[in-house]
Amino acid sequence: MSQQPAARAAVMNDVARLAGVSHQTVSRVLNNHPSVRDETRERVLVAVKQLNYRPNALARGLAGRRSRVIGVVSFDTILYGPAATLLGVERAARHAGYGISIVALEKLDRAGVTEAVNRLTEQSVAGVVIIAPLLTAAAAAHSLPTGVPAVVVESDIAGDLPTISVDQVAGARLAVEHLLELGHETVWHLTGPKDWLEARDRVDGWRQALEAAGRRVPAVIVGDWSPRSGYEAGHRIGSDVTAVFCANDQQALGMLRALHERGIRVPEDVSIVGFDDIPEAEYLSPPLTTVRQDFDEVGRRCLAALLDLLDADLPDAPPHPRVAPTLMVRASSGPPA
């Protein structure tokens, strides 16, 4: 009596065929890649269960030699933007089953970034995310002589590495256009530090919005990211100022205090708009109109871009559009008196 041949075990292509996707997509689902749509992920998992698919143990063993740790280069700061970006990356990594190893630098220059990446390479990390908000750090990140898969978080700058960023120019335009639509003749701008990419882009967006509307472009009010710079600017602005776009919410907080001390009402006399949407923004007095950055989405896109680089079936990482900001309208902005 002849023996029936054993049924062939399902392979990844069988799963892909049943689910109606590519085998790369199946691989991404099995590796918790964050860029897979929920409905696609569910379809693949149903096919895996239906076919009783078991990934090849040897293949998974070889793939498992890749570290499950992502290296992150950041810098020692309590500023909300970089800290929130780091948290967004950590959340996305954890969701995908990766840990993170952080190197925090006191100074983001070429030597520091290079040393940090080399240190993470020695730890055999799978890849590196470089949070590089300064011009010097961004330039250094894009010229690293290393074969380590890397993604840069910053504003738009030329380079070979995938870049994930919030559209800072668009965010600044949202703020200024909002104030112009309320009836203000023009909008003053309190800047961030000139060596920060975000500060540069917010100046560009502010100027573009005023020029597009045919409005006068006042001289910028030079500041840094601190509440003190907003406080000092609030004591300096003249009686002709009716609307101010601050480069971040901490500056706006300081300006609110200064205007209160001067007896200037917000928004009746001066409207103020910030940038970032810090957790305290809606609890300021008055609640702050601001531009929200989605740092969790930045983190998800960072990890997706890095995993694309690590995928053997994807020799080039696909481009990632900039994350769109959102205007959060609250009580600190209103029509001029």
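Look up a bit, the structure's there.
Residues numbered from 1 in each chain as written. Predicted model: local features only at pLDDT ≥ 70, side-chain atom pairs only at ≥ 80, totals over all residues. Heavy atoms only, no water.

Caption draft 1: Quick look at helix 12 (residues 295-310). For helix 12, with 16 residues, the first-to-last C-alpha span of 23 Å sits near the 22 Å given by 1.5 Å per residue. Burial within helix 12 is extensive, with 12 of its 16 residues counted as buried. Restricting attention to buried positions, one finds in helix 12 the residues Phe295, Val298, Gly299, Arg301, Cys302, Leu303, Ala304, Ala305, Leu306, Leu307, Asp308 and Leu310. Backbone nitrogen of Asp296 and a side-chain oxygen of the N-cap are separated by 3.4 Å at the start of helix 12; the cap is Asp294. (Helix = DSSP H or I, 4+ residues; strand = E, 2+ residues; numbered from the N terminus. Expected span 1.5 Å × (residues − 1). Buried < 20%, exposed > 50% of the residue type's maximum accessible area, 1.4 Å probe, protein only. Polar contact = N/O pair within 3.5 Å; in protein donor to acceptor, adjacent residues only side chain to side chain.)

Caption draft 2: How the structure looks around the pairing of strand 7 (residues 243-246). A two-sided burial pattern is seen for strand 7, the buried positions comprising Ala243 and Phe245 on one face and Val244 and Cys246 on the other. In the sheet, strand 6 (residues 188-190) pairs with strand 7 via three bridges, with the strands oriented parallel. Its bridge partner lying in strand 7, His189 is registered against Phe245. Pairing between strand 7 and strand 8 (residues 271-276): three bridges, direction parallel. Following the sheet pairing, Ala243 is matched in strand 8 by Ser271. The parallel pair strand 7 and strand 8, bridged by helix 11 (residues 249-261), forms a crossover whose chirality is right-handed. (Pairing = 2+ DSSP bridges. Right-handed = clockwise from strand over helix to strand, strands pointing away.)

Caption draft 3: Molecular detail of the side chain of Ser333. Along the chain, Ser333 turns up in the segment after strand 10 (326-328). Here the side chain of Ser333 touches His178 through a polar contact of 2.8 Å, side chain to side chain. Those residues within four positions of Ser333 in sequence are excluded, and the remaining contacts are His178, Leu179, Leu182, Pro267, Ser271, Ile272, Val273 and Thr289. (Contact = heavy atoms within 4.5 Å.)

Caption draft 4: Main features of helix 9 (residues 197-212). Helix length check: helix 9 (16 residues) gives 22 Å between terminal C-alpha atoms against 22 Å at 1.5 Å per residue, within 8%. Those residues of helix 9 not exposed but buried are Leu197, Glu198, Ala199, Asp201, Arg202, Val203, Gly205, Trp206, Ala209 and Leu210. Where helix 9 is buried, its residues touch helix 7 (135-141), helix 8 (168-181), strand 6, strand 7 and strand 8. Gly214 lies just past helix 9 and shows a positive phi near 70°.

Caption draft 5: Local environment of the pairing of strand 8. Counted residue by residue, strand 8 has six buried out of six residues, so it is predominantly covered. In this sheet, strand 9 (residues 289-292) lies alongside strand 8 in parallel orientation, the contact comprising four bridges. Bridged to Val273 within strand 9 is Thr289.

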